[in-house]
Amino acid sequence: MARLGSWIESRPEGIYVRPADAWIDPSQPKARAWVTHGHADHARGGHKTVLATPETLAIMETRYGPQSGQPVAYDETIRVGEVDVRFVPAGHVLGSAQIVMEYKGERVVVSGDYKRRPDPTCAPFVPVPCDIFITEATFGLPVFRHPDTGSEIDRLLHRLHADPERCVLVGAYALGKAQRIITELRARGHREPIYVHGAIERLNQLYESFGVELGELRPATGATKAEMAGHVVIAPPGALNDRWSRRLPDPVTAMASGWMRIRQRARQCNVELPLIISDHADWDELTATIRELEPTEVWITHGREEALKHWCMTHQIKACELNLVGYEDEDD
Ligand SMILES: [Zn+2]
Ligand SMILES: [Zn+2]
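This is a predicted model, so every value here is computed, not measured.

Calculation rules
Residues numbered from 1 in each chain as written. Chains lettered and ligands numbered in written order. Predicted model: local features only at pLDDT ≥ 70, side-chain atom pairs only at ≥ 80, totals over all residues. Heavy atoms only, no water. Phe/Tyr/Trp six-rings, centres within 6.5 Å; stacked < 30°, edge-to-face > 60°. Helix = DSSP H or I, 4+ residues; strand = E, 2+ residues; numbered from the N terminus. Lys NZ or Arg CZ within 6 Å of the ring centre and 35° of its normal. Core = buried A, V, L, I, M, F, W, Y, C linked by side-chain atoms within 4.5 Å. Buried < 20%, exposed > 50% of the residue type's maximum accessible area, 1.4 Å probe, protein only. Contact = heavy atoms within 4.5 Å. Salt bridge = Lys/Arg side-chain N within 4 Å of Asp/Glu carboxyl O. Arc of directions from axis to C-beta. Pairing = 2+ DSSP bridges. Axes fitted to C-alpha atoms, helices over the stretch in contact; angles between N-to-C directions. Left-handed = near helix turned anticlockwise from the far one by under 90°. Nonpolar A, V, L, I, M, F, W, Y, C, P; charged D, E, K, R; others polar.

Draft legend 1. Local environment of the packing of aromatic side chains. The full count for this structure, using the stated rule, is 7 aromatic pairs. Ring geometry for Tyr114 versus Phe125: centroids 5.0 Å apart, planes at 35°, classification tilted. Here Phe125 lies in the loop between strand 10 (106-110) and strand 11 (132-137) and Tyr114 lies in the loop between strand 10 and strand 11, a separation of 11 residues in the sequence. Taking the centre distance of 6.0 Å and the plane angle of 65° together, the rings of Tyr114 and Phe133 count as edge-to-face. With Tyr114 in the loop between strand 10 and strand 11 and Phe133 in strand 11, this pair connects stretches of sequence that are 19 residues apart. Among the aromatic residues, ring-to-ring pairing joins Tyr114, Phe125 and Phe133 into one connected group. Over the ring of Tyr16 we find Arg11; its NZ or CZ atom is 4.3 Å from the centre of that ring. The cationic tip of Arg265 hangs over the ring face of Trp259; the distance from NZ or CZ to the ring centre is 4.3 Å.

Here's what the structure looks like:
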């Protein structure tokens, strides 16, 4: 074969796998889409056929209605056109997968979004050595080092117990982060009911239907200020500074995101308690993963590509940036 990975093309609307005539996480409706996970910037509606894990398909159905999809279990290999395709856990959110493809003796892994630290709501990342590793780089700068999750959760609980007249309102993305915060709180021994915003309820139910236990949850809508005092309330980030939060008892505003490493960002969103909890790999996880997989080439997508590319080059690994459009940080 002439050039490594010449059968995979980076096009603005996604990664195109020519010998399978398939697209990975395309931003436009396609005849054949392979979807890494359920976040809206990766999983769009309107594809003719979707290949994804059963969890991801269920998330897409919750968001977009019935999908003509084919569920693929982790580690099941299927052949599409001339390509062998396998989905392996990415450790990002429920059902998230890396897509492993083999064609004419070459192996390419598309990471989707991923992280390496433990997450009680999903299967851990499985490293698959490969020729080309296509990685995300949302937090691809050395300044991004996420602290231990347990210590961030302890800060949350400490703040909660310090002032039982108030509540702690945590901004967390509806898919993945919200459920992870709930299970991490449970893992730290927090058994109290947790109040949740209506926009998170359906996904909570979906997680529970796949066996993720969330404990006692109550709708924040309809609860009185007195009932919510001394409790954790979880809402999508957009609700933090909106009218909705006026129903809460003098909330301490928290936000769970990798971006909370940047103080300026926390201040801009009026966040009093920034929690650095991310569903993406931080700098150390990105570089450790590349070291572990030992790819010949690294292709870098959505995020801060430049620093990671430089790191690869100083470690004798060929690297390039892919300019895909439509990836946002819905899910940091
Ligand atoms: Zn994501
Ligand atoms: Zn993403």
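This is not the end of the story, as more comes after the structure.
Draft legend 2. Region of the structure containing the nonpolar core. By size, the foremost hydrophobic cluster in this structure holds 33 residues, and its most contacted members are Val170, Ile181 and Ile234. Non-local contacts of Ile234, meaning those with residues more than four positions away in its chain, are made with Val170, Ala172, Ala178, Ile181, Ile182, Ile194, Tyr195, Val196, His197 and Ile200. Counting residues in each nonpolar core, the second largest holds 26 residues, with Ile8, Val85, Ala97 and Leu324 among its members.

Draft legend 3. Geometry of the pattern of salt bridges. Tallying each qualifying case throughout the model produces 23 salt bridges. For Asp119, the salt bridge identified is with Lys115, shortest N-O distance 2.8 Å. A residue is classified by how much of its surface remains accessible, and Asp119, at 8% relative accessible area, is buried. Taking the shortest distance from any N to any O, the salt bridge between Arg218 and Glu216 comes out at 2.8 Å. Among the residues examined, Arg218 registers a relative accessible area of 32% and is labelled partly exposed. The exposure class assigned to Glu216 is partly exposed, which follows from its relative accessible area of 40%. Here the salt bridges do not stand alone but share partners, grouping Lys115, Asp119, Arg180, Glu184 and Asp279 into one network.

Draft legend 4. Examining helix 8 (residues 305-314) more closely. The complete set of buried residues in helix 8 reads Glu305, Leu308, Trp311 and Cys312. One face of helix 8 carries all of its buried residues, which in axial projection span an arc of 130°. The inward-facing, buried residues of helix 8 contact strand 11, helix 7 (283-293), strand 18 (297-303) and strand 19 (318-321). Within two residues after helix 8, Gln316 carries a phi angle of roughly 60°, on the positive side.

Draft legend 5. Quick peek at the sheet that holds strand 11. With mixed pairing, the 7 strands of this open sheet are ordered in space as 7-8-9-10-11-18-19. The open sheet has two free edges, formed respectively by strand 7 (77-80) and strand 19, since each of these has just one partner strand. Neighbour-to-neighbour, the strand axes of this sheet turn through a mean angle of 25°, independent of strand direction. Pairing geometry for strand 9 (residues 97-103) and strand 10, over 5 bridges, is antiparallel. Considered in strand 10, the bridge of Tyr103 is made with Glu106.

Draft legend 6. Quick peek at the packing of helix 3 (residues 177-187) against helix 4 (residues 198-209). The interhelical angle for the contact between helix 3 and helix 4, taken along N-to-C directions, is 65°, at an axis separation of 10 Å. Relative to helix 4, the crossing made by helix 3 is right-handed. In contact with Ala178, Gln179 and Ile182 of helix 3, helix 4 contributes Ile200, Leu203, Asn204 and Tyr207. Residue composition of the contact of helix 3 with helix 4, by class: 5 nonpolar, 2 polar and no charged.

Draft legend 7. Main features of the sheet that holds strand 5 (residues 49-52). Taken in spatial order, the 6 strands line up as 1-2-3-4-5-6 in an open sheet, and their pairing is mixed. Taken across any chain shown, the strands that pair with only one partner, and hence form the sheet edges, are strand 1 (8-11) and strand 6 (69-71). Each strand of the sheet is rotated relative to its neighbour by a mean of 25°, with strand direction disregarded. Pairing of strand 4 (residues 32-34) with strand 5, which is carried by 3 bridges, proceeds in the parallel orientation. Bridge pairing in strand 5 links Arg32 to Thr49.

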